[in-house]
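Below, each chain spelled out in residue letters.
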Amino acid sequence: MNRLLDIQKKLLPDLVDTMGMRYRILRFVRLMQPIGRRSLASSLEMSERVLRSEVMFLKDQGLVNVASSGMTLTEEGYNLLVQLEEVMKETFNISMMEKKLKSHFNLQDVVVVPGDSDEYPWVKKEMGRACVSLMKKKFSTEENIIAVTGGTSISAVAEMMAPNTELEKALFVPARGGLGEQVENQANTICAEMARKASGKYRLLHVPDQLSKESYSSLVEEPSVREILGLIRSAAMVVHGIGEARTMATRRQSSQELVDKLRDKNAVAEAFGYYFDQSGDIIHKVLTIGLQLEDLATIPYVVAVAGGSSKGHAIQAYMKQGPSEVLVTDEGAAKAILSEIEV
């Protein structure tokens, strides 16, 4: 297969480009169906004239349906897209990226989706879909506890969740408190949305994300909080994001003193309330109720979801010390990381 692809790239480069373009169209239709042609052209940054021609081709091949409500994939189109995914990973060397990242970070698994979520926000949904696929494969119909953090990447996972027998007996819990952040990015909101879409159950943790020592000592003794913390720490899976340090500090309305400390110590990443420098060393910890880094050592399956070329530094810093076994990212972040480690 690799040899054939190499020959095609040399003798028929236009064929590979055309296949890549049609692959992008099918991927986006799957994510956003039903979708109109104008919205599709805008999202893919293509002219409507070029897109019209491509859509007519895909329709004639029986891969998409075109109706007044918008375009949708046919069953044949969906099946072809599933088969095409592995081929395209080989074509654009994404499989090689996965292998290199897996080896470099010593991970159990790495999934890289094509595209850069910094350039195309819909790529974040592809990461979400890839994470949901991993979750389904990992669990049977037995009861399991899944802990999830907040953030836009994990929100995309919730958005791509759908009812299925593998997760309908799962109990979803927030990995940490989240009052004070934007509602849509809070762990509680994402946890409830995942459970609703998966037809599972959920429990919430109604505590602020950042606490004083006095408030922390008081809240952790509350029976209801202690019960939820027990469930969180007994999770079979944790799904979490990785943030850029200064972005997260700003989003949490941190003090100027902390912002200055993060700048002076060159903080680049944040996860679970911990801030990391480029070497992966912890330079600050926010006092929060929920999962701590040391708790992750006893959790069987920890999945990090983060992408975008701008997050390359953050992902690399966290992965140097973080206890995650699986990374779901995008091509933009993968290239940014590999460009540094291969120098």
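Residues numbered from 1 in each chain as written. Predicted model: local features only at pLDDT ≥ 70, side-chain atom pairs only at ≥ 80, totals over all residues. Heavy atoms only, no water.

Chemist: Any chance you could explain the packing of aromatic side chains here in plain terms?
Modeler: Aromatic ring pairs are defined here through the distance separating the ring centres and the angle between the ring planes. This structure, assessed with the given rule, holds 3 aromatic pairs. Ring centres 5.1 Å apart and planes at 90° place the aromatic pair Phe28 and Trp122 in the edge-to-face group. A residue pair is termed long-range when its members are at least 10 positions apart, and Phe28 in helix α2 (residues 13-32) and Trp122 in the loop between β3 (109-113) and α7 (123-138) qualify at 94 residues. Among the aromatic residues, those joined into a cluster by ring pairs are Phe28, Tyr120 and Trp122. Over the ring of Phe57 we find Arg22, and its NZ or CZ is 3.8 Å from the ring centre. Over the face of the ring belonging to Tyr120 we find Arg24, whose NZ or CZ atom lies 5.3 Å from the ring centre. (Phe/Tyr/Trp six-rings, centres within 6.5 Å; stacked < 30°, edge-to-face > 60°. Helix = DSSP H or I, 4+ residues; strand = E, 2+ residues; numbered from the N terminus. Lys NZ or Arg CZ within 6 Å of the ring centre and 35° of its normal.)

Chemist: Explanation requested: the environment of Thr74 in the structure shown.
Modeler: Mapped onto the secondary structure, Thr74 falls in the loop between β2 (70-73) and α5 (75-91). Considering only alpha carbons, one finds Thr74 and Val64, 10 residues apart in sequence, at a separation of 5.1 Å. Ignoring anything within four residues of it in the chain, the contact list for Thr74 reads Gly62, Leu63, Val64 and Asn65. Within the structure, Thr74 has its side chain in polar contact with the backbone nitrogen of Gly77 (distance 3.0 Å). (Contact = heavy atoms within 4.5 Å. Polar contact = N/O pair within 3.5 Å; in protein donor to acceptor, adjacent residues only side chain to side chain.)

Chemist: I keep staring at the UniProt feature "domain: CggR N-terminal DNA binding" (unreviewed entry) in the chain and nothing clicks. Help me out?
Modeler: As annotated in UniProt, the feature "domain: CggR N-terminal DNA binding" (unreviewed entry) corresponds to residues 19-88 in the numbering used here. The distance separating the terminal C-alpha atoms of residues 19-88 is 9 Å; by composition the span is 70% helix and 11% strand. (UniProt positions renumbered as here; feature names shortened; annotations may be inferred.)

Chemist: Honestly, the environment of Gly36 in this entry has me stumped. Any pointers?
Modeler: You can see Gly36 is positioned in the loop between α2 and α3 (37-44). Gly36 sits 250 residues away from Val286 along the chain, and the two C-alpha atoms are 45 Å apart. In this view, Gly36 contacts Gly70 and Met71; residues no more than four positions away in its chain are not counted.

Chemist: What's the story with the sheet that holds strand β10 (residues 274-277) in this structure? I'm lost.
Modeler: Picture the strands of a sheet paired through backbone hydrogen bonds; they go either parallel or antiparallel. In space, the 4 strands of this open sheet follow the order β8-β9-β10-β11, with antiparallel pairing throughout. Every other strand in the sheet has two partners, leaving β8 (243-244) and β11 (282-285) as the edge strands with one partner each. Pairing analysis gives 3 bridges linking β10 to β11, with the strands arranged antiparallel. Each residue of the ladder has a partner; that of Phe276, found in β11, is Ile282. Sitting on the sheet, helix α13 (residues 256-264) touches β9 (267-271), β10 and β11, and the angle it makes with β11 is about 170°. Against the sheet, helix α14 (residues 312-321) makes contact with β8, β9 and β10, and its axis sits at roughly 65° relative to β9, the strand it touches most. (Pairing = 2+ DSSP bridges. Axes fitted to C-alpha atoms, helices over the stretch in contact; angles between N-to-C directions.)

Chemist: Quick question: what am I supposed to make of the layout of surface pockets here?
Modeler: Empty space among the atoms becomes apparent when a probe as large as a water molecule is rolled across them. Its volume calculated, the largest pocket comes out at about 670 Å³. The wall of the largest pocket is formed by 25 residues, among which Arg30, Glu85, Arg129, Ala130 and Ser133 lie closest to the centre. Looking at the lining of the largest pocket, the elements that each hand over two or more residues are α2, α5, β3, α7 and α8 (152-160). The element contributing the most residues to the lining of the largest pocket is α7, with 8 residues. (1 Å grid on protein atoms, 1.4 Å probe; cavity = no way out; pocket = protein on both sides within 12 Å on 5 of 7 lines; lining within 4 Å. Points joined across faces, edges and corners; volume = space filled by probe spheres on them.)

Chemist: How do you make sense of the sheet that holds strand β6 (residues 201-202) when you look at a structure like this?
Modeler: In spatial order, the strands read β3-β13-β12-β7-β4-β5-β6; together these 7 strands make up an open sheet with parallel pairing. A strand with exactly one partner marks an edge of an open sheet, and here the two such strands are β3 and β6. Both strand β4 (residues 145-148) and strand β5 (residues 171-174) contribute to a ladder of 4 bridges, which runs parallel. Counted as the bridge partner of Ile146 is Phe172 from β5. Strands β3 and β13 (326-330) of the sheet are contacted by helix α6 (residues 94-105), whose axis makes an angle of about 145° with β3. Its contacts with the sheet place helix α9 (residues 187-198) against β4, β5 and β6, and it is angled at close to 170° to β5.

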